Amino acid sequence: REMALPNNFAEGLMSFKQGIKDMKRIFNPTGPGLPEADAAMVADAERLFAEAAASTSDSSEETKRAHDEARFRLAWALAHSKKPGHAARAVDLLLPGAHQWCESVLPRDRQYIAAIAHFNDGDYLAARNACEESLSHDPECRQATSLLAAIEDRIAADGVIGIGALGVGAAVLTGVVATLASSRR
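These remarks concern the structure in this document.

What counts, and where the lines are drawn
- Residues numbered from 1 in each chain as written.
- Predicted model: local features only at pLDDT ≥ 70, side-chain atom pairs only at ≥ 80, totals over all residues.
- Heavy atoms only, no water.
- Helix = DSSP H or I, 4+ residues; strand = E, 2+ residues; numbered from the N terminus.
- Buried < 20%, exposed > 50% of the residue type's maximum accessible area, 1.4 Å probe, protein only.
- Areas by Shrake-Rupley, 256 points an atom, 1.4 Å probe, with all protein chains shown as cover.
- Salt bridge = Lys/Arg side-chain N within 4 Å of Asp/Glu carboxyl O.
- Core = buried A, V, L, I, M, F, W, Y, C linked by side-chain atoms within 4.5 Å.
- Patch = residues over 30% accessible without salt bridge, like charges linked within 9 Å, V, L, I, M, F, W, Y side chains within 5 Å.
- Contact = heavy atoms within 4.5 Å.
- Arc of directions from axis to C-beta.
- Expected span 1.5 Å × (residues − 1).
- Axes fitted to C-alpha atoms, helices over the stretch in contact; angles between N-to-C directions.
- Parallel < 35°, antiparallel > 145°, perpendicular 65-115°, else oblique.
- Left-handed = near helix turned anticlockwise from the far one by under 90°.
- Nonpolar A, V, L, I, M, F, W, Y, C, P; charged D, E, K, R; others polar.

**Details of the overall build of the chain**
1) Next: Counting secondary structure elements, the chain contains seven helices and zero strands.
2) Next: A burial count over the chain gives 31% of its 185 residues as buried.
3) Next: If you sum the accessible surface of the chain, you get close to 11900 Å²; carbon and sulfur atoms cover 58% of it.

Structure below.
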């Protein structure tokens, strides 16, 4: 089967980008089998968080705990959602300086969910940092250990794909230069 050459640079670039996406799909593992939150789960968590936030006029420990747990449930749902922007919102909810957490939601759990959000967003270096932070709180956490292994696999796979893309790019550039040089003769 003959390979059709693109008519212009834009078509060639689009074809190249699609090839990279195909390579990523082939070489990237499916991940650590994380659950996925659908739109209804996110909406329910947002409703519960809004209700908890509305009742913060009461400063009792029980109210603070309920607010933290609702905030964490929302962060969980957003981190496990595939909708663009949800992962970033999850991380914002979990930031240490953004909220004074009570003891009902452990730092290990907050960091683990932040790692999932970064992982699902494709920011594997931030995911690794958050996962390592989670493991610093509890080195025996099997979920964080499993996620860290999946993160490391993705980082390694992206490196291999990047090297392959660089090689393909160099070959294309060499072909363009050779074509231009032969057309000037």
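Picking up after the structure, the text goes on.
**Brief notes about the pattern of salt bridges**
1) Next: Taken as a whole, this structure holds seven salt bridges when the rule is applied.
2) Next: In this structure, Arg-47 and Asp-44 form a salt bridge, with 2.4 Å as the shortest nitrogen-oxygen distance. Taken together, the residues span about one helical turn, with Arg-47 and Asp-44 both in helix α2 (residues 39-54) at a distance of three residues.
3) Next: With relative accessibility at 41%, the residue Arg-47 sits in the partly exposed group.
4) Next: For Glu-46, the salt bridge is made with Arg-89, and the minimal N-O distance between the two is 2.8 Å. In this pair, Glu-46 sits in helix α2 while Arg-89 sits in helix α4 (residues 86-94), placing the two residues 43 residues apart along the sequence.
5) Next: Judged by its relative accessible area of 29%, Glu-46 falls in the partly exposed class.

**What to know about the nonpolar core**
1) Next: Among the nonpolar cores identified, the biggest contains 37 residues, and Leu-94, Ile-113, Phe-119, Cys-131, Leu-147 and Ile-151 are the most heavily contacted of them.
2) Next: Those elements that place two or more of their residues in this core are α2, α3 (61-79), α4, α5 (107-121), α6 (124-137) and α7 (142-183).

**Examining a nonpolar patch on the surface**
1) Next: Side chains of Val-172, Val-176 and Leu-180 sit close together on the surface and give an oily, nonpolar patch of about 250 Å² of accessible area.
2) Next: Note on placement: Val-176 falls in helix α7.
3) Next: A relative accessible area of 42% means that Val-176 is categorised as partly exposed.

**Things to note about the side chain of His-86**
1) Next: By the secondary structure assignment, His-86 is in helix α4.
2) Next: Judged by its relative accessible area of 10%, His-86 falls in the buried class.

**Considering the side chain of His-118**
1) Next: With respect to the helices, strands and loops of the structure, His-118 is situated in helix α5.
2) Next: Each residue touching His-118, except ones within four places of it in the same chain, is listed here: Val-91, Asp-123, Ala-126, Ala-127 and Ala-130.

**Here we look at α4**
Residues that lie three or four places apart on an α-helix share one face, since the helix turns once every 3.6 residues.
1) Next: Every buried residue belonging to α4 is among His-86, Ala-87, Ala-90, Val-91, Leu-93 and Leu-94, and all of these are buried. In an axial view of α4, the angular spread of the buried residues amounts to 160°, which keeps them on one side of the axis.
2) Next: Of the surrounding elements, those touching the buried residues of α4 are α2, α3 and α5.

**Looking at α5**
1) Next: Compared with an ideal rise of 1.5 Å per residue, which puts 15 residues at 21 Å, α5 spans 21 Å between its outermost C-alpha atoms and is within 8% of the ideal.
2) Next: Turning to α5, its buried residues are Arg-110, Gln-111, Tyr-112, Ile-113, Ala-114, Ala-115, Ile-116, Ala-117, His-118 and Phe-119.
3) Next: Note on α5: the residue one or two positions beyond its end, Gly-122, has a positive phi of about 85°.

**Some details on the packing of α4 against α5**
1) Next: Relative to each other, α4 and α5 sit at 160°, their axes nearing to 8 Å. As judged from the angle between their axes, α4 and α5 are roughly antiparallel. Every pair of crossing elements has a handedness; the one defined by α4 and α5 is left-handed. Seen from α4, the contacting residues are Ala-87, Ala-90, Val-91 and Leu-94; seen from α5, they are Arg-110, Ile-113, Ala-114, Ala-117, His-118 and Asp-121.
2) Next: Partitioning the contact of α4 with α5 into residue classes produces seven nonpolar, one polar and two charged.

**Considering the environment of Phe-72**
1) Next: Mapping Phe-72 onto the fold places it in helix α3.
2) Next: The spacing of Phe-72 and Arg-110 is 38 residues in sequence and 7.6 Å in space, taken between C-alpha atoms.
3) Next: Every residue in contact with Phe-72, bar those within four places of it in the chain, is listed here: Leu-94, Trp-101, Val-105, Asp-109, Arg-110 and Ile-113.

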